[in-house]
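Fold and geometry: a report
Residue-level listing of the chains:
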Amino acid sequence: MLSNPERARVGAHPAPAADSPLLAGLNAEQRAAVTLPPEHALILAGAGSGKTRVLTTRIAWLLQTGQVSPGGVLAVTFTNKAAKEMLTRLTSMLPLNVRGMWIGTFHGLCNRFLRAHHQLAGLPQAFQILDTQDQLSAIKRLCKQHQVDEERYPPRQLQWFIAGCKEDGLRPADVPASDSQARRKVEIYQLYEDQCQREGVVDFGELMLRSYELLRDHDAVRAHYRRRFRHILIDEFQDTNRLQYAWIKLIAGLPAEQSEQAGGGAILAVGDDDQSIYAFRGARVGNMADFVREYHVQHQIKLEQNYRSHSNILDAANALISHNQGRLGKNLRTDAGAGEPVRVYEAPTDFAEAEWVVDELKQLVREGMARREIAVLYRSNAQSRVIETQLFNAGVPYRVYGGLRFFERAEIKHALAYLRLLENPRDDTSFLRVVNFPPRGIGARTLEALQDAARGLGTSLHDAVSTVPGKAGANLAAFIARLDVLREQTAGHTLREIIEQMLEASGLIEHYRGEKEGQDRIENLQELVNAAESFVMQEGFGRDAVALPVDEQGAVPSQSPASQGLDPDAPMLDEPLPSAPAVVDADTGETLSPLAAFLTHAALEAGDNQAQAGQDAVQLMTVHASKGLEFDAVFITGLEEGLFPHENALSDAGGLEEERRLMYVAITRARQRLYLSHAQTRLLHGQTRYNLRSRFLDELPEDVLKWLTPQRGGFASIAPQPIAARADWAGARGSFGSNFSAPQPSPASTGHAIRAGQQVFHVKFGEGRVLAVEGAGDDARAQVDFPRHGVKWLALAIAKLTVVE
DNA sequence: TTCAGCCCTGTTTTT
DNA sequence: CAGGGCTGAA
């Protein structure tokens, strides 16, 4: 073990200890990955192959063998959870001060970086971060102000467009726009950028992009970090987007740019192409291949030994994923036995499906399984409701992940808006959010006048208040006066005191006291005080948090970074090069007030959503949210065409493959037991929908499955279930009860001969395949997949469909 | 200005 | 079915 961190200085290269206790218990591949030479490498880590262990042991190994000092490590993950996990494991392996290490999420690290170099980045030091909600409301506000036709340019779509541009590293000027519609979008993008800049706020994408540009445009800064980071480790590399990969390339330098002199770290990319499930938000699996090519990667290690699941589960996963094209190729294996078969259940309704899930999991609990070891997964959040109801009725404790998280709740957002205004009065988004909440006689008309005035003056709303005349103006003035007083009163106070005084002064508590449903909200607001308190404890803001001056003008050639107040326990630069201009390192960037730091924390980590974390509860979450987790028993529900795979993903082949990877992720969460289920009918958007069972079920090997219900026809084209509708079908919901083994009721015909699975012809769209039919009589609709025109819903009463078969 | 009620629309996954 | 936005009345 390392007793003195100083030993970690580079230069003294102790002989790598092959018998290091760190390596104990690792298999050959894992060991090879941990002890790789300091060169670029790609680890293909299958699900459950001990990826996190390898990653953390690698860091510990590098530190222990003196190949790098803590300050020379950059480790990037996607989720806060993963970053925390890495830190915890690391500190349990080595006694070490992790403060100088850069371990965090892309967004977290970019934030840290931008705070330190905020002047170079053109941002106020206390810039605030817009979450998705804030971003949308900022865009809506902008659209109103600039008379954007919200019909033609829906704000949500604009948000998607802007985020997409940023993920590709494109500023408005870089976006190709051929037609007028596209040009208009780019124009709005530009306006949005201006607005954010004016208000001193950044969105998630901006954190990344701004940080990328800063590195790109400032040679001294880039050179500094290149020399600093000798080892760059990236988790979940398959989830990186274009911009993130470009950022990594800047911070590491391309091979041609790397040298003893110029620095440049060794990149260790860890990923699994089969678990790439974030293409929808810009993730590019292709980055893996690009990395291998651009960095001439010589070391590729596959981790295929799975330590998690029984072989029946793995066989199912392997078989499923083999249906995807163009994989890097990887097969999981295990030494564990076959284990239980994968159980498959077909329910008549979503309601019955939930009932079955609850019955089964109660049985598991009776057999001694801990509830927290049981997960119920679904494709989309809306599906949780039925299951929740069932669990609730059965009195089974459960916990839902996702949905509204703590910092996203309305009352919390209101409170945060007040706090943000204390920190930055120019934050118009926050201003508008609370200027009339609780109501204080400032209505839409007043605000319109204020916004006009602000636009005319080119100032923030806050600064334009004095120009509004009359009673309305007086109300506004009273509002900002209240804020100003609060700001003065709380100066120098602890975070807790600031929040408590804000809750009083804002009138939020008072307001919710008067509401009938307000008690919960008040409790949440009180919880906010607790959240702040524990944040202060964790970050050590409590006492003598010395604010170090950050000299942003950049180069201070005569001073070494160490003389600028860097943590002496964490030497940043091993032997600073004599000619190199010293750049203030982002480690000195902790000059934020506790309040500003807390607000950042709130934006970057939306927080957990349920207070009852300690209880032994069944876990409910989307498949996406389950990534990286594992459970003894896993239920994957709603395995239906249109739901999983989701209908929006069916239009292109890439979408389907991503859905399949999603299913692969879901399957590989299970250690011992895996349950799959689908329902014939499901209540969605208040309508009963009839779904075929998911094609993914048919892609699993029969011999690992155990059908709990009699099997009927296969997917779509093979003997499709006669699917038609009867108006009172919904009324029959639940009456099937346990009657699932009975033959399907054959409801009266709609009069339309259209059935799922059929090949049909449409005058305009040509030939297509019917995916589903729903509704009855004149309302009957069919979902048809047209090869040329995509998936469409057609009203059977109107559309002329002829059966081709 | 506020509030209640109506209509309309959207509706995958999220750092 | 939900939530947001819009309208009209108090």
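Rules used in this analysis
- Residues numbered from 1 in each chain as written.
- Chains lettered and ligands numbered in written order.
- Predicted model: local features only at pLDDT ≥ 70, side-chain atom pairs only at ≥ 80, totals over all residues.
- Heavy atoms only, no water.
- Helix = DSSP H or I, 4+ residues; strand = E, 2+ residues; numbered from the N terminus.
- Buried < 20%, exposed > 50% of the residue type's maximum accessible area, 1.4 Å probe, protein only.
- Contact = heavy atoms within 4.5 Å.
- Areas by Shrake-Rupley, 256 points an atom, 1.4 Å probe, with all protein chains shown as cover.
- Phe/Tyr/Trp six-rings, centres within 6.5 Å; stacked < 30°, edge-to-face > 60°.
- Lys NZ or Arg CZ within 6 Å of the ring centre and 35° of its normal.
- UniProt positions renumbered as here; feature names shortened; annotations may be inferred.
- Near = heavy atom within 4 Å.
- Polar contact = N/O pair within 3.5 Å; in protein donor to acceptor, adjacent residues only side chain to side chain.
- Pairing = 2+ DSSP bridges.
- Expected span 1.5 Å × (residues − 1).
- Core = buried A, V, L, I, M, F, W, Y, C linked by side-chain atoms within 4.5 Å.
- Axes fitted to C-alpha atoms, helices over the stretch in contact; angles between N-to-C directions.
- Parallel < 35°, antiparallel > 145°, perpendicular 65-115°, else oblique.
- Left-handed = near helix turned anticlockwise from the far one by under 90°.
- Nonpolar A, V, L, I, M, F, W, Y, C, P; charged D, E, K, R; others polar.

Here the focus is the overall build of chain A. Helix and strand content of chain A: 27 helices and 21 strands. Relative to its 805 residues, chain A shows a buried fraction of 55%. At a minimum sequence separation of 6, the contacts of chain A that also span at least 24 residues come to 76%. Approximately 33800 Å² of chain A is accessible, and the part contributed by carbon and sulfur atoms is 51%.

Take the packing of aromatic side chains next. Scanning the model with the defined rule gives 21 aromatic pairs in all. Arranged with centres 5.7 Å apart and planes meeting at 45°, the rings of Tyr278 and Phe280 form a pair that is tilted. The exposure class assigned to Phe280 is partly exposed, which follows from its relative accessible area of 43%. Arg115 extends its terminal NZ or CZ atom over the ring of Phe127, reaching a point 3.7 Å from the ring centre. Above the face of the Tyr278 ring, Arg281 is positioned so that its terminal group lies 3.9 Å from the ring centre.

Following the UniProt record, the feature "domain: UvrD-like helicase ATP-binding" (unreviewed entry) maps to residues 24-310 here. Along residues 24-310 the backbone is 49% helical and 12% strand, and the end-to-end C-alpha distance reaches 24 Å.

The subject of this paragraph is the protein's contact with DNA strand B. What surrounds DNA strand B is a group of 24 residues, the closest being Phe78, Arg379, Asn381, Arg405 and Asn648. Restricting attention to atoms of DNA strand B within 4 Å of the protein, one finds that 57% of them are sugar or phosphate atoms. Side-chain polar atom of His107 to a base oxygen of DNA strand B: 3.0 Å apart, as the coordinates give it. Here His624 contributes a side-chain N or O atom positioned 3.4 Å from a base oxygen of DNA strand B.

Another aspect to go through is the side chain of His299. By secondary structure assignment, the location of His299 is in strand S8 (residues 299-303). Looking at His299, its side chain comes within polar contact range of the side chain of Glu39, at 2.7 Å. Excluding residues that lie within four positions of it along the chain, His299 makes contacts with Leu36, Pro37, Glu39, His40, Ala41 and Leu42.

Along strand S10 (residues 374-378), 5 of the 5 residues are buried, which leaves the element largely enclosed by surrounding structure. Burial along S10 is two-sided: Ile374, Val376 and Tyr378 facing one way and Ala375 and Leu377 facing the other are all buried. As judged from the 4 bridges shared by S10 and strand S13 (residues 631-636), these two strands associate in the parallel manner. Paired with Ile374 across the bridge in S13 is Ala633. Pairing of S10 with strand S12 (residues 618-622), which is carried by 4 bridges, proceeds in the parallel orientation. From the neighbouring strand, Leu377 faces S12, where its bridge partner is Met621.

Bringing helix H8 (residues 180-199) into the picture now. Over its 20 residues, H8 runs 28 Å from end to end, which matches the ideal 28 Å to within 8%, given 1.5 Å per residue. Looking at the buried residues of H8, the elements they touch are strand S4 (128-130), helix H6 (132-145), helix H7 (155-167), strand S5 (201-203), helix H9 (204-217) and helix H17 (428-434). Structurally, the start of H8 carries an N-cap: the backbone nitrogen of Gln181 is 3.2 Å from a side-chain oxygen of Asp179. Once H8 ends, the next one or two residues include Gly200, with phi positive near 70°.

Glancing now at the UniProt feature "binding site: ATP" (unreviewed entry) in chain A. UniProt annotation of "binding site: ATP" (unreviewed entry) refers to Ala45, Gly46, Ala47, Gly48, Ser49, Gly50, Lys51 and Thr52 when read in the numbering used here. Residue Gly48 is classed as buried on the basis of its relative accessible area, which comes to 14%. In this structure, Gly48 is in contact with Gln305, Asn306, Tyr307 and Arg308, ignoring residues within four places of it in sequence. Inspection of the secondary structure assignment puts Thr52 in helix H2 (residues 51-64). Take Thr52: its relative accessible area is 22%, and that puts it in the partly exposed class.

Judged by nonpolar contacts, the single largest core of 62 residues is most densely connected at Trp247 and Phe291. Among the elements that line this core, the one with the most residues is helix H11 (residues 242-252), at 8 residues. Leu447, Phe479, Phe535 and Leu592 belong to the second-largest nonpolar core, a separate cluster that totals 51 residues.

The next subject is the packing of helix H14 (residues 350-366) against helix H15 (residues 384-394). Working note: a packed helix pair is described by the angle between its axes plus the distance between those axes. The contact between H14 and H15 brings their axes to 9 Å, and the two run at 45°. Between H14 and H15, the interaxial angle falls into the category oblique. Considering the relative orientation of H14 and H15, their crossing is right-handed. The segment H14 lies against H15, with Asp350, Phe351, Ala354, Glu355, Val358, Leu361 and Lys362 engaging Val386, Ile387, Gln390, Leu391 and Ala394.

Take the environment of Gly265 next. Following the sequence through the fold, Gly265 ends up in the loop between H11 and strand S7 (266-271). What makes Gly265 buried here is its relative accessible area of 2%. Counting along the chain gives 39 residues from Gly265 to Arg226, while the straight-line C-alpha distance between them is 6.7 Å. Residues in contact with Gly265, not counting those within four places in the same chain, are His40, Arg226, Phe229, Arg230, His231, Ile232, Ala252 and Gln258.

Contact geometry for H9 and helix H10 (residues 219-228): axes closest at 5 Å, N-to-C directions at 100°. On the basis of their axis angle, the class for H9 and H10 is roughly perpendicular. Here Leu215, Arg216 and Asp217 of H9 come into contact with H10, specifically with Asp219, Val221, Arg222 and Tyr225. Partitioning the contact of H9 with H10 into residue classes produces 3 nonpolar, no polar and 4 charged.

What follows is about the sheet that holds S7. A sheet is described by the order of its strands in space; here 6 strands give the open sequence S3-S2-S6-S7-S1-S8, paired in parallel fashion. Sheet topology places strand S3 (102-105) and S8 at the edges, where each strand pairs with a single neighbour. Ignoring strand direction, the axes of neighbouring strands in this sheet form an average angle of 10°. Across the sheet, helix H12 (residues 286-294) is in contact with strand S1 (41-45), S7 and S8; its angle to S1 comes to roughly 150°.

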